[in-house]
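Residue-level structure breakdown
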Amino acid sequence: YKTLKPFPQNFLWGGSTSAYQFEGAWDEDGKSPSIVDMYCHPEDVADFKVASDHYHHYKEDVRLFAELGLKAYRFSIAWTRIIPDGIGDVNQQGLDFYHNLIDELKRYDIEPIVTLYHFDLPYKLDKQGGWSERSTIDAFVRYTEVLFQNFGKKVKYWLTINEQNTMILHPGAIGVPENGKLPDKKTLYQQNHHMFIAQAKAMQLCHTLCPNAKIGPALNITSMYAETCRPEDAIAAHNWETIRCWSFLDTAILGRYNALFLSYLQDRGLCPTILAEDLVVLKNAQPDFIAMNYYSTATIAASKGNASDISARAGDQQIMLGEQGVYRAAENPFVDKTAYGWVIDPIGLRLTLRKVYERYNLPILITENGIGAPDKLNADNTVNDDYRINFISQHITQMQLAITDGVELIGYCPWSVIDVVSTHQGYGKRYGFIYVNRGEFDLKDMKRIKKKSYFWYQKLIKANGQLD
Ligand code: BG6
């Protein structure tokens, strides 16, 4: 291009967190445990009980977000604070916490972007079968009704379920249940179907109860490259891109199952029970925008049809591991990797944005993107995270190219605005612009310390994304 289009004036420069990774206070003021609180936790990393203690630091945190210049803040509400047993009484103290947080954000003109559900099903519901049971759909809809009724006047942007595709396709990446056993695939796809219905009903309810609000799904979306130009590799890459990304977006946005995905499920005897009325529910839900978490791309080769298709790479959530008979994970020699082995591919973001926009023609909000790193706090209380500045700035360059391509991108909320506990790698792996001074087990003073990237992002937001 000779000239790049500027970021829109009202672009939502933001930052992201989730309740269980940030709040702590896991059993305070009426909150009950969620499934993540009960996971088998690796012994050498922090659990989620105290996290970054945002519950007791929210005013200070929001002040720092305001000073950073955030226009938007994406966070999730913990179902277990609002309705501790999942279905019964509403806990006023839980509502109060989020009212206070949202009011504090609004005081500084920071737009709240609220995720209804980020991995943390109430444990009591899980004991009754969790997402395998249709009754959990009703429980979820009631929970969301309470949120829309209470916060509907204050919150304009809602996200339904965070990374349903990660929960279903890579359940172990998020956590392992207390009995150490992950559900089998048939069960997972039934759970998946129930989540689709719950999501569709929540979108409809949102439109009824909060006519001025907007709501959309929040999936982990990425592009798949074929390892070579062998047609077999191209088919494998397309298979996996469809199953992992398009099938989830098609159901959420077009209100129907993707045909290739359905054939994949049928062929393997994995098809969920779908009631006739479900098809109507799916069709009637109309999202207003697409929220998308993007970290990296994957490179895919044709399956060899045997167990060697699956290559376990420990601790790596984003690299696809392969599926026997479907695809093999391959290396991409043209990209760098983070300290944790995640592919760094800013151009892949541009490509993915184009594909998503072309397919659905809805505004897109990036709700996660970032680099996990073992940040070091220096003796003079500084953190020189140049790698984060490089990572984010390269992705922002590609976002501007995507906007120039014609993509309607409305905001960018990197993961995470401040350090939070990683899903299974504790505080060794940090993502924030703000350092939280705690160790894996030593809680220290929880002081918030601005990293080098904080000052850089502050400048960037002031310049509406246009730094030289
Ligand atoms: C996303 C999740 O998949 O990746 C976040 O929505 C998570 O909850 C983020 O923290 C980074 O993953 P990790 O495993 O490095 O914490």
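What you see is a predicted model, and the numbers here were worked out from it, not measured in a lab.

1. Examining the sheet that holds strand β13 (residues 409-412)
Taken together, eight strands build a closed barrel; the order of strands is β1-β2-β3-β4-β5-β7-β12-β13 and the barrel is parallel. Here the strands of the sheet are splayed against their neighbours by 30° on average, with no regard to which way each runs. With four bridges connecting them, strand β7 (residues 290-293) and strand β12 (residues 364-368) associate as parallel partners. When the sheet's bridge partners are listed, Asn-293 is paired in β12 with Glu-368.

2. Overview of the packing of aromatic side chains
We describe a pair of aromatic rings using the distance from one ring centre to the other and the angle between the two ring planes. Considering all chains together, one arrives at 32 aromatic pairs under this definition. Seen from their ring centres, Tyr-189 and Phe-261 are 5.8 Å apart, and the 65° between their planes marks the pair as edge-to-face. Remark: Phe-261 occurs in helix α12 (residues 259-267) and Tyr-189 occurs in helix α10 (residues 185-209); sequence separation between them is 72 residues. Owing to a relative accessible area of 4%, Tyr-189 belongs among the buried residues under this scheme. Consider the rings of Phe-433 and Tyr-457, whose centres lie 4.5 Å apart with planes at 15°: the pair is stacked. Of this pair, Phe-433 sits in the loop between β13 and β14 (434-436) while Tyr-457 sits in helix α16 (residues 452-462), placing them 24 residues apart in sequence. Each member of the pair, Phe-433 as well as Tyr-457, carries the same accessibility label: buried. Taken together, Tyr-189, Phe-196, Phe-248, Tyr-257, Phe-261 and Tyr-264 form an aromatic cluster joined through their ring pairs.

3. Focus on the site of the ligand
In the vicinity of the ligand there are 16 residues, among which Gln-21, Glu-163, Thr-423, Lys-429 and Tyr-431 approach most closely. Separating an oxygen atom of the ligand from a side-chain N or O atom of Glu-368 is a distance of 2.9 Å. With respect to the ligand, the side chain of Trp-415 contributes an N or O atom lying 3.3 Å from an oxygen atom. Taken by itself the ligand offers 380 Å² of open surface, and the protein chains cover 100% of this. Class assignment for the residues of the shell around the ligand results in five nonpolar, eight polar and three charged.

4. Observations regarding the confidence of the model for the chain
Looking at the chain as a whole, the pLDDT averages 95, with 98% of positions reaching at least 70. The model gives residues 314-319 a pLDDT under 50, and that stretch makes 18 contacts with residues more than four places away or in other chains. Per the prediction output, this complex has pTM 0.97; the corresponding ipTM is 0.99.

5. Re the pattern of salt bridges
Evaluation of the coordinates by the stated rule reveals 26 salt bridges. Between Asp-37 and Lys-31 there is a salt bridge, with the nearest N and O atoms lying 3.0 Å from each other. Take Asp-37 and Lys-31: they sit in the same class, and that class is buried. We note a salt bridge from Asp-250 to Arg-359, for which the minimum N-O separation is 3.1 Å. Residue Asp-250 is found in helix α11 (residues 231-254), and its partner Arg-359 is found in helix α14 (residues 346-360); the two are separated by 109 residues along the sequence. One salt-bridge network, held together by shared partners, links Asp-375, Asp-385, Arg-388, Asp-419, Arg-430 and Lys-451.

6. Some thoughts on the sheet that holds strand β8 (residues 298-301)
Strand order in the open sheet formed by three strands is β6-β8-β9, with mixed pairing between adjacent strands. In this open sheet, the two strands that pair with only one neighbour each are β6 (224-226) and β9 (328-330). Averaged over neighbouring strand pairs, the angle between their axes works out to 45° when direction is ignored. Strand direction decides the pairing type here: β8 and β9, joined by three bridges, are antiparallel. Of the residues in β9, the one forming a bridge with Thr-299 is Ala-330.

7. Topic: the side chain of Asn-258
Within the secondary structure, Asn-258 sits in the loop between α11 and α12. Look at Asn-258 and you get buried, because its relative accessible area is 7%. In this structure the side chain of Asn-258 is engaged in a polar contact, spanning 2.9 Å, whose partner is the backbone nitrogen of Leu-260.

8. Regarding α16
Here α16 has its buried residues at Ser-453, Tyr-454, Trp-456, Tyr-457, Gln-458, Leu-460 and Ile-461. Those residues of α16 hidden inside the fold are in contact with β1 (12-16), α3 (54-68), α15 (386-405), β13, β14 and β15 (448-450). Immediately downstream of α16, the backbone of Asn-464 shows phi near 50°, a positive value.

9. Details of the nonpolar core
Side chains of nonpolar character tend, in soluble globular proteins, to be buried together. Residues Trp-158 and Met-399 are the most contacted members of the largest nonpolar core, which totals 137 residues. Top element by residues in this core is α10. It accounts for 11 residues. Leave out the neighbours within four places in its chain, and Trp-158 touches Val-114, Leu-116, Leu-147, Phe-148, Phe-151, Gly-152, Cys-206, Ala-213, Lys-214, Ile-215, Gly-216 and Phe-289. Of all hydrophobic cores here, the second largest spans 11 residues; its members include Ile-113, Tyr-157, Leu-159 and Cys-413.

10. Re the packing of α3 against helix α5 (residues 92-107)
Geometrically, a packed helix pair is captured by the angle between its two axes and the distance between the axes. One way to put it is that α3 packs onto α5 with a least axis distance of 9 Å and a crossing angle of 15°. Comparing their axes, α5 and α3 come out roughly parallel. Two packed elements cross with a definite hand, and for α3 against α5 that hand is left-handed. Each of His-54, Tyr-55, Tyr-58, Lys-59 and Val-62 in α3 lies in contact with α5, whose residues at this interface are Gln-93, Phe-97, Asn-100, Leu-101, Glu-104 and Leu-105.

11. What to know about the environment of Gln-204
By the secondary structure assignment, Gln-204 is in helix α10. Measuring from C-alpha to C-alpha, the distance between Gln-204 and Val-281 comes to 8.9 Å, with 77 residues separating the pair along the chain. In contact with Gln-204, other than residues within four places in its own chain, are Val-281, Asn-284 and Ala-285.

12. Remarks on helix α13 (residues 276-284)
What α13 keeps buried is the set Asp-278, Val-281 and Leu-282. Projection of α13 onto a plane perpendicular to its axis shows the buried side chains occupying an angular sector of 100°, all on one side. Exposed residues pointing more than 90 degrees away from the buried face of α13 are listed as Ala-276 and Glu-277.

The rules behind these values
- Residues numbered from 1 in each chain as written.
- Predicted model: local features only at pLDDT ≥ 70, side-chain atom pairs only at ≥ 80, totals over all residues.
- Heavy atoms only, no water.
- Pairing = 2+ DSSP bridges.
- Helix = DSSP H or I, 4+ residues; strand = E, 2+ residues; numbered from the N terminus.
- Axes fitted to C-alpha atoms, helices over the stretch in contact; angles between N-to-C directions.
- Phe/Tyr/Trp six-rings, centres within 6.5 Å; stacked < 30°, edge-to-face > 60°.
- Buried < 20%, exposed > 50% of the residue type's maximum accessible area, 1.4 Å probe, protein only.
- Near = heavy atom within 4 Å.
- Polar contact = N/O pair within 3.5 Å; in protein donor to acceptor, adjacent residues only side chain to side chain.
- Areas by Shrake-Rupley, 256 points an atom, 1.4 Å probe, with all protein chains shown as cover.
- Nonpolar A, V, L, I, M, F, W, Y, C, P; charged D, E, K, R; others polar.
- pLDDT = per-residue confidence, 0-100.
- Contact = heavy atoms within 4.5 Å.
- Salt bridge = Lys/Arg side-chain N within 4 Å of Asp/Glu carboxyl O.
- Core = buried A, V, L, I, M, F, W, Y, C linked by side-chain atoms within 4.5 Å.
- Parallel < 35°, antiparallel > 145°, perpendicular 65-115°, else oblique.
- Left-handed = near helix turned anticlockwise from the far one by under 90°.
- Arc of directions from axis to C-beta.

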